[in-house]
Amino acid sequence: MTGIATSVDAARVELLLNELRLPGVKAIWPKLAAQSDKEGRPAARFLAALAEHEAADRTRRRIERHMVEARLPAGKTLATFDFESVPMLSKAQAMALAAGDAWLKAGANLLLFGPPGGGKTHLGTAIGLALVENGWRVLFARTTDLVQRLQVARRELALESAIAKLDRYDLLILDDITYVSKDQAETSVLFELIAARYERRSLLITANQPFGEWGRIFPDQAMTLAAIDRLVHHATILEMNVESYRRKVALDRRRGPGRPPVHTTPNELDGGQRQLSPDSAASSHLD
């Protein structure tokens, strides 16, 4: 049994040293192991434990680096997201998206629609955080900020290089895309980013307006349709049409504990939730 255990440990060492890219250690360890075994010390078992520790430590350090570079807003996790306030959202689906394996490998997109304060940024950030913890590289940015950086790169004749650098991220989270102004310079670099990542790298986009209103972002209808077409071709679309959580908290705070509202409004009678009426263009894509 001792010989079998030693052989198993030796095989584990070989695999782990390959994973850790330690060719020098791999070349010398059998000789050292034989010497240690001759002297009565189980070197293979020791080396296996040492290599496993090194592999786990490298994984931990890599995740820590990726967490810093992701620039995710603090405190927004799946555990703190109030799924009950967004009844049209499936918690199981959100958890599956947070695993990321299938859709990120396919270069698919995730699009979150809803009014301000409905939890889009929280959910997008929480999914991004879970993906980083699962080993993926993520970058969070307000769309206007990223577009401005890309504009600077274009002026410096380095736009292609700047977009290529973003390829290192498996997922770009573009928050509040509909706040981008309808400016030829801004929207053209945004379109180039969308086109460059199409079917290769994933985007997670939050938007306050349905697709039918995206003519306010891009300068002409052709570019608008082309951008939407690329985004939705391989996409999961989540609608979060609920009352602003921030507004709801502010109203509750103003009323105070235990004090009923003076007048009950129709909005309060139906639980404070309202559905936005999607326009025809948005509905065709969101179905």
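If you're wondering where the values come from, they're calculated on a predicted model, not measured in any experiment.

**Q** Describe the overall build of the protein, with residues and values.
**A** When you go through the protein residue by residue, the secondary structure sums to 13 helices and five strands. When the 287 residues of the protein are sorted by exposure, 41% land in the buried category. The long-range share in the protein, meaning contacts at least 24 apart out of those at least 6 apart in sequence, stands at 82%.

**Q** Which residues make up the pattern of salt bridges, and what values do they have?
**A** Per the stated rule, a full pass over the model turns up nine salt bridges. Its salt-bridge partner being Arg60, residue Asp57 comes within 2.5 Å of it at the nearest N-O pair. Of this pair, Asp57 and Arg60 are both found in helix α3 (residues 43–70), three residues apart, which corresponds to roughly one turn of the helix. On the basis of relative accessible area, Arg60 is assigned to the partly exposed category, the value being 39%. Its salt-bridge partner being Arg216, residue Glu213 comes within 2.9 Å of it at the nearest N-O pair.

**Q** Break down the environment of Asp170 for me, citing the residues and quoting the values.
**A** By secondary structure assignment, the location of Asp170 is in the loop between α8 (159–165) and β3 (171–175). For Asp170, a relative accessible area of 18% corresponds to the buried category. C-alpha separation for the pair Asp170 and Leu203, spaced 33 residues apart in sequence, amounts to 8.5 Å. For Asp170, the contacting residues outside a window of four places in its chain are Leu104, Trp136, Arg137, Arg197, Arg201 and Ser202.

**Q** So what's going on with the nonpolar core? Which residues, and what values?
**A** In terms of nonpolar packing, the biggest core is built from 34 residues, with Leu150, Leu166, Leu190, Leu193, Trp214 and Phe218 touching the most fellow members. Other than its neighbours up to four places away in sequence, Leu166 contacts Leu139, Leu146, Leu150, Leu172, Leu193 and Arg197. Membership of the second largest hydrophobic core comes to 31 residues, among which are Leu104, Ala126, Trp136 and Leu238.

**Q** Quick rundown of the environment of Gly114? Include the residues and the values.
**A** Note on placement: Gly114 falls in the loop between β1 (109–113) and α6 (120–133). Distance from Gly114 to Asn208, taken between C-alpha atoms, is 5.2 Å for residues 94 residues apart in sequence.

**Q** Give me helix α7 (residues 143–155): which residues, what numbers.
**A** With 13 residues, α7 ought to run about 18 Å at 1.5 Å a step, and its terminal C-alpha atoms sit 18 Å apart, in line with that. Three or more residues of α7 are buried, namely Thr143, Thr144, Leu146, Val147, Leu150, Gln151 and Ala153. Of the surrounding elements, those touching the buried residues of α7 are β2 (138–142), α8, β3 and α9 (184–197). Of the residues one or two after α7, Leu157 is the one with positive phi, at around 60°.

**Q** Tell me what's going on with unusual backbone geometry, and back it up with residues and numbers.
**A** When glycine is set aside, most residues are seen to have a negative phi, and most peptide bonds are trans. Phi is positive for Asp176, which is not a glycine, with a value near 60°. Residue position: Asp176 is located in the loop between β3 and α9. Classification of Asp176 by relative accessible area gives buried; the value is 18%. Of note, Glu199 is a non-glycine position whose phi angle comes to about 65°, a positive value. Relative to the helices and strands, Glu199 is located in the loop between α9 and β4 (202–207). Classification of Glu199 by relative accessible area gives partly exposed; the value is 41%.

Rules of the game
- Residues numbered from 1 in each chain as written.
- Predicted model: local features only at pLDDT ≥ 70, side-chain atom pairs only at ≥ 80, totals over all residues.
- Heavy atoms only, no water.
- Helix = DSSP H or I, 4+ residues; strand = E, 2+ residues; numbered from the N terminus.
- Buried < 20%, exposed > 50% of the residue type's maximum accessible area, 1.4 Å probe, protein only.
- Contact = heavy atoms within 4.5 Å.
- Salt bridge = Lys/Arg side-chain N within 4 Å of Asp/Glu carboxyl O.
- Core = buried A, V, L, I, M, F, W, Y, C linked by side-chain atoms within 4.5 Å.
- Expected span 1.5 Å × (residues − 1).

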